[in-house]
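Fold and contact review
Okay, here's what each chain looks like letter by letter:
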Amino acid sequence: MLRMEGVHTYIGESHILQGMSFTVAPGRVTVLLGRNGAGKTTTLRSILGLTPAARGRIDLFGAEVTREQPYRIVRRGVGYVPEDRDVFGGLTVAENLRLAQRPGADPARMAMVHTLFPDLKARGNQRAGSLSGGQQQMVAIARALVNENRLMMIDEPSKGLAPVVVAQVTEALRAIKGTTTILLVEQNLAMAAALGDDAVIIDDGRTVFTGVMAEVAADGALQARYLGAGRRGEEQGQSNE
Amino acid sequence: MSTLIFITLTGLALAAMYFLLASGLSLIFGLMDVLNFAHGAFFTWGAYAAWWVISMKTPVGGNASTGVFLFAIVAAVVAGAALATGTEVVLLRPLYRRTISQVLVTLGAGLALTELTAVIWKHDAKLFPQPRWMATTLTIAGARVPANRLVLIAVAVLVLAVMLLFLRYTRYGLIVRAGAENREMVQALGIDVNRAFTLVFALGGALAGLGGVFGGAYFKSIDPNIGTVNLIFAFIVVVIGGLGSIGGSALAAAIIGLSQQYANYYAAAWLGDFVVVILLAVVLLVRPRGLLGAQR
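Just so it is clear, the model here is predicted, and its values are computed rather than measured. (Residues numbered from 1 in each chain as written. Chains lettered and ligands numbered in written order. Predicted model: local features only at pLDDT ≥ 70, side-chain atom pairs only at ≥ 80, totals over all residues. Heavy atoms only, no water.)

1. Considering the overall build of chain B
Of the regular secondary structure elements, chain B holds twelve helices and four strands. Its C-alpha atoms give chain B a radius of gyration of 19 Å, within 12% of the compact-globule value 19 Å for 296 residues. In terms of its C-alpha atoms, chain B occupies a principal-axis envelope of roughly 55 × 45 × 35 Å. By the burial criterion, 56% of the 296 residues in chain B qualify as buried. Restricting the contact set of chain B to residue pairs at least 6 apart, pairs at least 24 apart contribute 78%. Split by element, the accessible area of chain B, about 12,500 Å² in all, is 71% carbon and sulfur. (Helix = DSSP H or I, 4+ residues; strand = E, 2+ residues; numbered from the N terminus. Rg over C-alpha atoms; globule rule 2.2 N^0.38 Å. Buried < 20%, exposed > 50% of the residue type's maximum accessible area, 1.4 Å probe, protein only. Contact = heavy atoms within 4.5 Å. Areas by Shrake-Rupley, 256 points an atom, 1.4 Å probe, with all protein chains shown as cover.)

2. Topic: helix H11 (residues 246-266) of chain B
Because each turn of an α-helix spans 3.6 residues, side chains separated by three or four positions in sequence point in the same direction. For H11 of chain B, spanning 21 residues, the distance from its first C-alpha to its last is 30 Å, which sits close to the expected 30 Å at 1.5 Å a residue. Structurally, the start of H11 of chain B carries an N-cap: the backbone nitrogen of Gly-248 of chain B is 2.8 Å from a side-chain oxygen of Ser-245 of chain B. (Expected span 1.5 Å × (residues − 1). Polar contact = N/O pair within 3.5 Å; in protein donor to acceptor, adjacent residues only side chain to side chain.)

3. Remarks on the pattern of salt bridges
Residues and elements named next belong to chain A. This model, assessed by the stated rule, comprises 18 salt bridges over all chains. Arg-3 serves as the salt-bridge partner of Glu-5, at 3.0 Å between the closest nitrogen and oxygen. Judged by its relative accessible area of 40%, Glu-5 is partly exposed. Between Arg-3 and Asp-59 there is a salt bridge, with its nearest N and O atoms 3.3 Å apart. Remark: Asp-59 occurs in strand S4 (residues 55-60) and Arg-3 occurs in strand S1 (residues 2-11); sequence separation between them is 56 residues. Residue classification places Arg-3 among the partly exposed positions, given a relative accessible area of 32%. The exposure class assigned to Asp-59 is buried, which follows from its relative accessible area of 12%. (Salt bridge = Lys/Arg side-chain N within 4 Å of Asp/Glu carboxyl O.)

4. Examining the sheet that holds S4 of chain A
Backbone-to-backbone hydrogen bonds pair the strands of a sheet. The strands run either parallel or antiparallel. All names here are of chain A. Spatially, the four strands line up as an open sheet ordered S2-S1-S4-S5, and their pairing is antiparallel. At either end of the open sheet lies a strand with only one pairing partner, and these are strand S2 (14-24) and strand S5 (63-64). Judged from the five bridges that link them, S1 and S4 form a sheet pairing that is antiparallel. Residue pairing in the sheet places Leu-2 in a bridge with Leu-60 of S4. (Pairing = 2+ DSSP bridges.)

5. Details of the interface of chain A and chain B
Facing 23 residues of chain A, the contacting portion of chain B comprises 17 residues. Summing both sides of the interface, chain A and chain B together bury roughly 1,900 Å²; the carbon and sulfur share of this comes to 56%. On the chain A side of the interface with chain B, the three residues burying the most area are Tyr-71, Phe-88 and Leu-99 of chain A, jointly 32% of the side's total. Here chain A and chain B share three salt bridges between them. At the level of elements, helix H2 (70-75) and helix H3 (93-100) of chain A are the ones that each hand at least two residues to the side of chain A that touches chain B. Taken together, the residues of the side of chain A that touches chain B break down into twelve nonpolar, four polar and seven charged. (Buried area = accessible area lost by both parts, 1.4 Å probe. Nonpolar A, V, L, I, M, F, W, Y, C, P; charged D, E, K, R; others polar.)

Shown next as structure tokens:
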């Protein structure tokens, strides 16, 4: 489905990804974990070509996409939910979704999105910039869902949201789990454990662990060493329950 | 009263010409963050393309027929759009994200294209024939107003309406509005932003070419610097109206055109341009994002 092999990516002079390698299996939710600044967002951006890899190889759906234009990579069937949501604030909710819908997309997808997020249908004519953070996150996820994507890349969907909203977002992602492959970046261990099948931990731009998410969730030492999480994750897990 | 009406309609006609030039500039900057100093040359080439078509079919000193004038408009629009497309594809596309290089290359292209008109058609001004009905004057509430001013105003209003509809109701309009906010995210939705860039550049060039025809009719003559001179005011319109805002450009063009004419007539002939610069300074100090510009 997705394979990164020895990928190096720079932002200006900074060497962010220093030989990243991992694979994402079809139909599963792979969680990308790591401390702040480890290179999680850059990994997603490199896959999409937004911050192109300088060296290494990225294969997507069996084809190399390392040097491909972002829009071509997305058209292969990738949905992207960025870290800061990046909804178009001056456009209405409906316009945000219409813009995201690629020509030839199945109209039933829009109906599915409205079923999943009924609030977005009610607020269709509202400017996206006037929505709350949680509602904007719904728009960002919905934008990726209006097309039948083979891979969804979701960057920190819980970031900056109140626990009750995090729970709503988790439920929405749980609803789409199994319908597509998901690569999820998430600092919130409770959310990661609730959704993830597989886990990849990165540290200083390198892969340091690949395995199943349950193993990470159960290994406090691993969390403490690479995530600096431990208690914070447990507390978040309790607050969500 | 008739003088006031005359000055007002003349000011609005001038504003309409500024708007035709500024609206393309504003769209280009809004989507692409490109300060296009070649835009004035598209205006000049539009004017010369129209003049060339008209002069081929019109006796010296005569009036153009309406049919020839309409064909001249098409020629001007095509010339502006073609030059703009060429500039974007050949010169600017390799330089995206290199702001200083873009400024320098558009400045150079503008100078070269302007100089090329002088090489081909010489520096001296050319009389710009227009249909008899456009050159005649109409009496409005006692004021005798040249019909070409009213036509220019009507064309600008029509262009404003079409552009607002385009931006609001078409997919490319959505792409332009979204791209002005966050170009990278538009790409991340699977949209070929480069194609949108070319379209916006071509649209801006076409509008500049259209402005060139009616600029020629307004001034009754053209010379190679006609675009450069008006480009300065178009940039001021874009800044005062708000970068990327078509409605803002229309509003700012009206304010500038009217201020220039009122100041020139009621105060001193040299004061109009000075008032425009004062207005620019005030807007930059009080509301740097312009009258209707979005926070960037």
